[in-house]
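# Analysis of the macromolecular model
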Amino acid sequence: MTILDDAEQLLATGPLCDACLGRPFADRSFGLGNDERGRALRTTIALESNEPYESPDVEACWVCEGLCGQFDEYADRAVEALDGIEFFTYQVGTRVPPLVEENGELLREDAGLDPEAGELLKSEFNREVGKRVGQRTGKKVGFERPDVQLLIDLDTDDIEVTINSVAVYGRYRKVERDVPQTEWPCSNCGESGQLHGGRPCPECDGTGYRYRTSVEQEVAPPLVTALRGDEGVFHGAGREDVDALMLGEGRPFVLEVKHPHRRDVDVATIEDEINKSSDAVKVDDLRFATHEMTARVKEHDASKTYRAEVEFDAPVEEAALEAALETLQGATVEQRTPHRVDHRRADLVREREVYDIDGHLTDDTHATIDVHGAGGLYIKELISSDEGRTEPSLAGLLDVGATVTALDVLAVEGEDEPFEQPAFFREA
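Note that the coordinates shown come from a computational prediction; the quantities given were computed from them, not determined experimentally.

### Regarding the overall build of the chain
Tallying secondary structure elements over the chain gives 12 helices and 14 strands in all. Computed over C-alpha atoms, the radius of gyration of the chain comes to 32 Å, more than 25% over the 22 Å expected from 2.2 N^0.38 for 428 residues, which places it beyond the range of a compact globule. Taking the principal axes of its C-alpha atoms as reference, the chain extends roughly 110 × 50 × 40 Å.

### So, helix 1 (residues 3-11)
Residues L4, D6, A7 and L10 constitute the buried set of helix 1. Mapping the buried residues of helix 1 onto a view down its axis gives an arc of 155 degrees, with all of them on the same face. Looking at the packing, one finds that the buried side of helix 1 touches helix 2 (18-22), helix 3 (34-49) and helix 5 (98-110).

### Observations concerning the UniProt feature "domain: Pus10 THUMP" (unreviewed entry) in the chain
Mapped onto this structure's residue numbering, the UniProt feature "domain: Pus10 THUMP" (unreviewed entry) falls at residues 74-153. Across residues 74-153, helical content stands at 48% and strand content at 19%; the span's end C-alpha atoms are separated by 10 Å.

### Focus: the pairing of strand 5 (residues 166-174)
Across the nine residues that make up strand 5, a large majority, eight, are buried. Where strand 5 and strand 7 (residues 245-258) come together, eight bridges link them in antiparallel fashion. What sits directly across from V166, in strand 7, is V257. Sheet topology places strand 5 next to strand 8 (residues 281-289); seven bridges connect them, and they run antiparallel. Across the sheet, residue K174 finds its bridge partner in strand 8, namely V281.

### What about the pattern of salt bridges?
For the structure on display, the rule yields 34 salt bridges. Among the ionic pairs, E128 bridges to R127, the shortest N-O distance being 3.7 Å. A salt bridge links K258 to E256, with the nearest nitrogen and oxygen atoms 3.4 Å apart. A cluster of three or more residues bridged by salt bridges with shared partners is formed by D72, D76, E119, R127, E128, K131, R132 and R136.

### A few points about the environment of G238
Examined against the element boundaries, G238 turns out to sit in the loop between strand 6 (231-236) and strand 7. Residues G238 and F88, 150 residues apart in the sequence, show an inter-C-alpha distance of 31 Å. When sequence neighbours within four positions are dropped, the list of residues in contact with G238 reads Q181 and R251.

### As for the UniProt feature "active site" (unreviewed entry) in the chain
UniProt's feature table lists "active site" (unreviewed entry) at D241, given in the numbering used throughout. Positionally, D241 belongs in the loop between strand 6 and strand 7. Those residues in contact with D241 that sit more than four places away from it in its chain are K174, R340, K380 and L407.

### Points about the packing of helix 4 (residues 71-81) against helix 6 (residues 121-137)
Describing two packed helices takes the angle between their axes plus the distance from one axis to the other. Viewed as axis vectors pointing N to C, helix 4 and helix 6 meet at an angle of 55 degrees, and their least axial separation amounts to 9 Å. Overall, the two elements helix 4 and helix 6 adopt an arrangement that is oblique. In terms of crossing hand, the pair formed by helix 4 and helix 6 is right-handed. Seen from helix 4, the contacting residues are F71, D72, Y74, A75, D76, A78 and V79; seen from helix 6, they are E124, F125, E128, V129, R132, V133, R136 and T137.

### Structural notes on the sheet that holds strand 2 (residues 140-141)
Taken together, four strands build an open sheet; the order of strands is 2-1-3-4 and the sheet is mixed. The sheet is open, and its two borders are formed by strand 2 and strand 4 (158-163), each paired with just one other strand. Its contacts with the sheet put helix 6 on strand 1 (89-95) and strand 3 (148-153), and the angle it makes with strand 1 is roughly 145 degrees.

### Some words on the nonpolar core
Most often, soluble globular proteins keep nonpolar side chains buried together rather than apart. Ranked by size, the top nonpolar core spans 65 residues in total, and within it F312, L321, I369 and L394 carry the most contacts. Not counting chain neighbours up to four residues away, the residues in contact with I369 comprise Y306, R307, A308, V310, L321, L325, I357, D358, G359, I383 and L394. With 40 residues, the next largest nonpolar core counts I45, F71, V129 and L154 among its residues.

### Notes on the packing of helix 1 against helix 3
One way to put it is that helix 1 packs onto helix 3 with a least axis distance of 10 Å and a crossing angle of 100 degrees. Our classification of the angle between helix 1 and helix 3 gives roughly perpendicular. Contact with helix 1, carried on its side by I3, L4, A7, E8 and L11, involves L41, R42, T44, I45 and E48 of helix 3 and no other residues of that element. Taken together, the residues of the contact of helix 1 with helix 3 sort by class into six nonpolar, one polar and three charged.

Thresholds, definitions, all that
Residues numbered from 1 in each chain as written. Predicted model: local features only at pLDDT ≥ 70, side-chain atom pairs only at ≥ 80, totals over all residues. Heavy atoms only, no water. Helix = DSSP H or I, 4+ residues; strand = E, 2+ residues; numbered from the N terminus. Rg over C-alpha atoms; globule rule 2.2 N^0.38 Å. Buried < 20%, exposed > 50% of the residue type's maximum accessible area, 1.4 Å probe, protein only. Arc of directions from axis to C-beta. Contact = heavy atoms within 4.5 Å. UniProt positions renumbered as here; feature names shortened; annotations may be inferred. Pairing = 2+ DSSP bridges. Salt bridge = Lys/Arg side-chain N within 4 Å of Asp/Glu carboxyl O. Axes fitted to C-alpha atoms, helices over the stretch in contact; angles between N-to-C directions. Parallel < 35°, antiparallel > 145°, perpendicular 65-115°, else oblique. Left-handed = near helix turned anticlockwise from the far one by under 90°. Core = buried A, V, L, I, M, F, W, Y, C linked by side-chain atoms within 4.5 Å. Nonpolar A, V, L, I, M, F, W, Y, C, P; charged D, E, K, R; others polar.

Dropping the structure here:
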């Protein structure tokens, strides 16, 4: 049988619009729309049979029930649904009523064709409405993770809009101690700030938070407001202790702004706003990133450089300190989960490498120690031994108690390559 024979079999099933006639042949003659295929077949059949050509009535089509005549209408409604939303890429999806889907299957079955021939009505609707949305807005289709997604429900006649989050990358420096990375609700009052009877919670002074602010609370609000989002979710490349400073070039982070209605703002202005308004946190290098940067920030292997101020329980000689540091240089350290975090982390023994370590005494019971180590190396325990849970340790090698009295993070850098690879940033 020829393609014309197949077309005649399809037309014999009942009234068909051009799109439904052409859809079973969607894999033929790339570059044509299904309506163009159907019109060509209908025209050729009329010429071959020498019968008058009759334009089909789309509304009378028994397969799509007139839906293929509404591409323009749905495109107009889709553009209207996007009003007030800034986006660069989009995607259209369609939910087809089950009975209409079944009509497409019956059409092929009645005509004796492969039941999977051509394409589904859903695919055609996505393409035809999507093409028109692009023409009306000047935006591009995004196949992987578009800025907005439109779902046309042909059963309920609704159009749903999903606004995907936008990621802003940067590095933060924490220049005050006792500032956590993310907000820390008070567990004593359940974040309410009050106890039974309306008394202010003594543990948080009625604020509902253990600490007055956090990196997240300093950084998120200006970005969420500027991008007209609902909320911001903070993702850091690890985190420093609450009482530690984050210095140097800062720690990489991504703020994921949910449901943003804007995507093209001057982040340099927001960066300046954050730095002027916050005494505790400073940010640098804010820029729009891809969605993949969120996972990269959380998962990319990174080494850390620390500066620890150390107090010894007894006097230490410079020569002994130098010998101990030489032993730790390049050492592989076994660390059992520290006592201070074993309530929230599994009790495991981890091996971590000390890449570089140096230091000097400031007097016979105090020293400044700089450590460059693999990600996950517990520095306080490397110094103190944590009752022998870290081996080797500075305290163990010196045979004297040692405590970190102040800790600063000086650098956070990717192990094999920098965090800031061009592929992970949005094109300007």
